[in-house]
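Take a look at the letters that make up each chain.
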Amino acid sequence: MSETDYQALVDGILSDVQAYRGQGTVPNYIPALAQADPNKFGIALVLKDGSTYAAGDADQPFTLQSISYIFTLSLALHHVKGALWNHVGREPSGSPVNSIVQLELEKGKPRNPLISAGAIVVTDQLIGTRGADAAVEELLAFLRERSGEEGIGIDEGLAMSESRAGAFNRSLAHFIAAFGNMLNPVEEVLSAYYRQCSVAMTCRQLARAALFLAFDGVDPRTGDTVTVASRSRRTNALMLTCGHYDVSGDFAFRVGLPGKSAVSGGILAIVPGTGAVVVWSPGLNTAGTSLVGSVALESLAERTGWSVFV
Ligand code: GLU
């Protein structure tokens, strides 16, 4: 495809979703997210040479929420390597994102790193013995470097708002700690967790930051090895099997690309060997993924034929 074709692609997706805009429900369990405008929609596609094609509200920041799990996973694996898998599993959960039921049955070892309980364990491992601030600073530095945007920061008000409303995550974290699967005090881990979820980025910035996952861990624009190839592939495998709460199978069926959905309405999708795509629209479907964003990614898959199952 030529440059004009790629711009026509994202413009075409924008027109495909027009009829759906405003649909979906904004989450009300995080008060600050409940004020988001469901009419917003943005899409950004970044390719190997860094060229970016965007449409709609692609330059409006939103908070990463559980898309941040992808980056903390990558950083934690860098620090603790395979030992991470003693603390968290690699199977789809088939349960709602904040479910506690499996944690009891499986003795405090969360099913995978892409559900809340698993992400809390990953953040604890990333903190290690350094303290929460060092872990959050490492994440911010990583995102700034990969996106090339020094201004990326945390929406501290949102982090506070989520912490105040965070009974579910607090329960999960205490449950994990009760089974001896937490190194650091629960409140310290949660403070890092809420801050990582509240990093604000635009579709364009986030697609750039995740580009290394489409190229076996190498950022194709700089040649930097961000992570080893096997780890990059495995992160994509986890996104495909676990990236969308209890509808990960359906997402793989409909879109056919590794991805991660977040409660803020962002969805990151990786097209191995080609690029990274981020869509954002705050209204969620009943499964908790962006309603308009999912339609947009289905349209992308249909228009391009991109799939990991070719
Ligand atoms: N910060 C959110 C939570 O822990 C993230 C959830 C999500 O994006 O799915 O509830």
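Everything below is about the structure shown above.
Residues numbered from 1 in each chain as written. Predicted model: local features only at pLDDT ≥ 70, side-chain atom pairs only at ≥ 80, totals over all residues. Heavy atoms only, no water.

Visitor: So what exactly am I meant to see when it comes to the overall build of the chain here?
Guide: Helices and strands together make up the secondary structure of the chain, namely 12 helices and eight strands. Taken over the C-alpha trace, the chain has a radius of gyration of 18 Å; the compact-globule value for 310 residues is 19 Å, and the two agree within 12%. Considered along the principal axes of its C-alpha atoms, the chain spans approximately 55 × 40 × 35 Å. Split into buried and exposed, the 310 residues of the chain put 56% on the buried side. For the chain, the proportion of contacts with a sequence separation of at least 24, taken over those separated by at least 6, is 67%. Summing over all exposed atoms, the chain offers an accessible surface of approximately 12000 Å²; the carbon and sulfur share of this is 52%. Across the chain, 23 positive and 30 negative side-chain charges occur, with their mean positions spaced 5 Å apart. (Helix = DSSP H or I, 4+ residues; strand = E, 2+ residues; numbered from the N terminus. Rg over C-alpha atoms; globule rule 2.2 N^0.38 Å. Buried < 20%, exposed > 50% of the residue type's maximum accessible area, 1.4 Å probe, protein only. Contact = heavy atoms within 4.5 Å. Areas by Shrake-Rupley, 256 points an atom, 1.4 Å probe, with all protein chains shown as cover. Lys, Arg positive; Asp, Glu negative; His and termini not counted. Charge placed at Lys NZ, Arg CZ, Asp CG, Glu CD.)

Visitor: Quick question: what am I supposed to make of the site of the ligand here?
Guide: Around the ligand, the surrounding shell consists of Tyr-29, Gln-65, Ser-66, Tyr-69, Glu-162, Asn-169, Tyr-193, Cys-197, Tyr-245, Ala-262 and Val-263. Here an oxygen atom of the ligand and a side-chain polar atom of Tyr-245 are 2.7 Å apart. Notes on the ligand: free accessible area 290 Å², of which the protein chains cover 97%. (Near = heavy atom within 4 Å. Polar contact = N/O pair within 3.5 Å; in protein donor to acceptor, adjacent residues only side chain to side chain.)

Visitor: Explanation requested: the side chain of Thr-72 in the structure shown.
Guide: Looking at where Thr-72 falls in the secondary structure, it is placed in helix 2 (residues 68–80). There is a polar contact of 3.3 Å between the side chain of Thr-72 and the backbone oxygen of Tyr-69. For Thr-72, the residues in contact, after removing those within four places along its chain, are Val-122, Leu-126, Leu-139 and Gln-196.

Visitor: Sorry if this is basic, but what is going on with the nonpolar core here?
Guide: If you look at soluble globular proteins, the nonpolar side chains tend to sit buried side by side. Grouped together as the largest cluster of nonpolar side chains are 69 residues, with contacts concentrated most on Phe-71, Leu-143 and Val-199. The residues contacting Val-199, other than those within four sequence positions of it, are Phe-62, Thr-63, Leu-64, Leu-139, Leu-140, Leu-143, Ile-152, Gly-153 and Ile-154. Core analysis: the next-biggest nonpolar cluster, separate from the first, contains 27 residues, Tyr-53, Ala-55, Val-255 and Val-271 among them. (Core = buried A, V, L, I, M, F, W, Y, C linked by side-chain atoms within 4.5 Å.)

Visitor: It is not clear to me how helix 4 (residues 116–127) should be interpreted in this structure. Could you clarify?
Guide: Because the α-helix completes a turn every 3.6 residues, residues three or four places apart line up on one side. Between its first and last C-alpha, helix 4 extends 16 Å over 12 residues, near the 16 Å set by a 1.5 Å rise per residue. Extensive coverage of helix 4 is indicated by the burial of 12 of its 12 residues. Those residues of helix 4 that sit buried are Ser-116, Ala-117, Gly-118, Ala-119, Ile-120, Val-121, Val-122, Thr-123, Asp-124, Gln-125, Leu-126 and Ile-127. Of the residues flanking the end of helix 4, it is Gly-128, one or two places downstream, whose phi is positive at about 55°. (Expected span 1.5 Å × (residues − 1).)

Visitor: Honestly, unusual backbone geometry in this entry has me stumped. Any pointers?
Guide: Most peptide bonds are trans, and most residues other than glycine sit at a negative phi. With phi around 45°, Gln-65 is a residue other than glycine that occupies positive phi space. For Gln-65, the location among the structural elements is in the loop between strand 3 (62–63) and helix 2. Relative accessible area serves as the criterion here: at 2%, Gln-65 is assigned to the buried category. Positive phi, close to 55°, is recorded for Tyr-245, a residue that is not glycine. Mapped onto the secondary structure, Tyr-245 falls in the loop between helix 10 (229–242) and helix 11 (248–254).

Visitor: Help me understand the pattern of salt bridges, please; the structure alone is not making it clear to me.
Guide: Where charged atoms from two side chains of opposite charge come close, those side chains can pair. For the structure on display, the rule yields 15 salt bridges. Among the ionic pairs, Glu-138 bridges to Arg-130, the shortest N-O distance being 2.8 Å. What makes Arg-130 partly exposed here is its relative accessible area of 36%. Each member of the salt-bridge network shares a partner with another, and the members are Arg-146, Asp-219, Arg-221 and Asp-224. (Salt bridge = Lys/Arg side-chain N within 4 Å of Asp/Glu carboxyl O.)

Visitor: Which parts of the structure should I look at to understand the packing of aromatic side chains?
Guide: Where two aromatic rings form a pair, the distance of their centres and the angle of their planes describe that pair. A full pass over the atoms with the stated rule returns seven aromatic pairs. A ring pair is formed by Phe-62 and Trp-280, whose centres lie 5.3 Å apart and whose planes are at 5°; its orientation type is stacked. Of this pair, Phe-62 sits in strand 3 while Trp-280 sits in strand 8 (residues 275–280), and the two are 218 residues apart along the sequence. With relative accessibility at 4%, the residue Phe-62 sits in the buried group. Summarising the aromatic geometry, the rings of Phe-142 and Phe-212 are spaced 5.8 Å apart at their centres and angled 85° between planes, so their arrangement reads as edge-to-face. Placement of Phe-142 in helix 5 (residues 132–147) and of Phe-212 in the loop between helix 9 (203–209) and helix 10 is noted, with a sequence separation of 70 residues between them. Phe-212 shares its class with Phe-142; the two are buried. Ring pairing ties together the aromatic residues Tyr-69, Tyr-193 and Tyr-194, which thus form one cluster. Its end group placed over the ring of Trp-85, Arg-90 keeps NZ or CZ at 5.1 Å from the ring centre. (Phe/Tyr/Trp six-rings, centres within 6.5 Å; stacked < 30°, edge-to-face > 60°. Lys NZ or Arg CZ within 6 Å of the ring centre and 35° of its normal.)

Visitor: Looking at this structure, I do not really get the packing of helix 1 (residues 3–17) against helix 12 (residues 291–304). What am I missing?
Guide: The geometry of a pair of packed helices is captured by two quantities: the angle between their axes and the separation between those axes. Where helix 1 contacts helix 12, the axes come no closer than 9 Å and their chain directions differ by 135°. Taken together, the axes of helix 1 and helix 12 lie oblique to each other. Crossing of helix 1 against helix 12: the hand is right-handed. Here helix 1 contributes Leu-9, Gly-12, Ile-13, Asp-16 and Val-17 to the contact with helix 12, which in turn contributes Val-292, Val-295, Ala-296, Ser-299, Leu-300, Arg-303 and Thr-304. Within the contact of helix 1 with helix 12, the residues separate by chemical class into seven nonpolar, three polar and two charged. (Axes fitted to C-alpha atoms, helices over the stretch in contact; angles between N-to-C directions. Parallel < 35°, antiparallel > 145°, perpendicular 65-115°, else oblique. Left-handed = near helix turned anticlockwise from the far one by under 90°. Nonpolar A, V, L, I, M, F, W, Y, C, P; charged D, E, K, R; others polar.)

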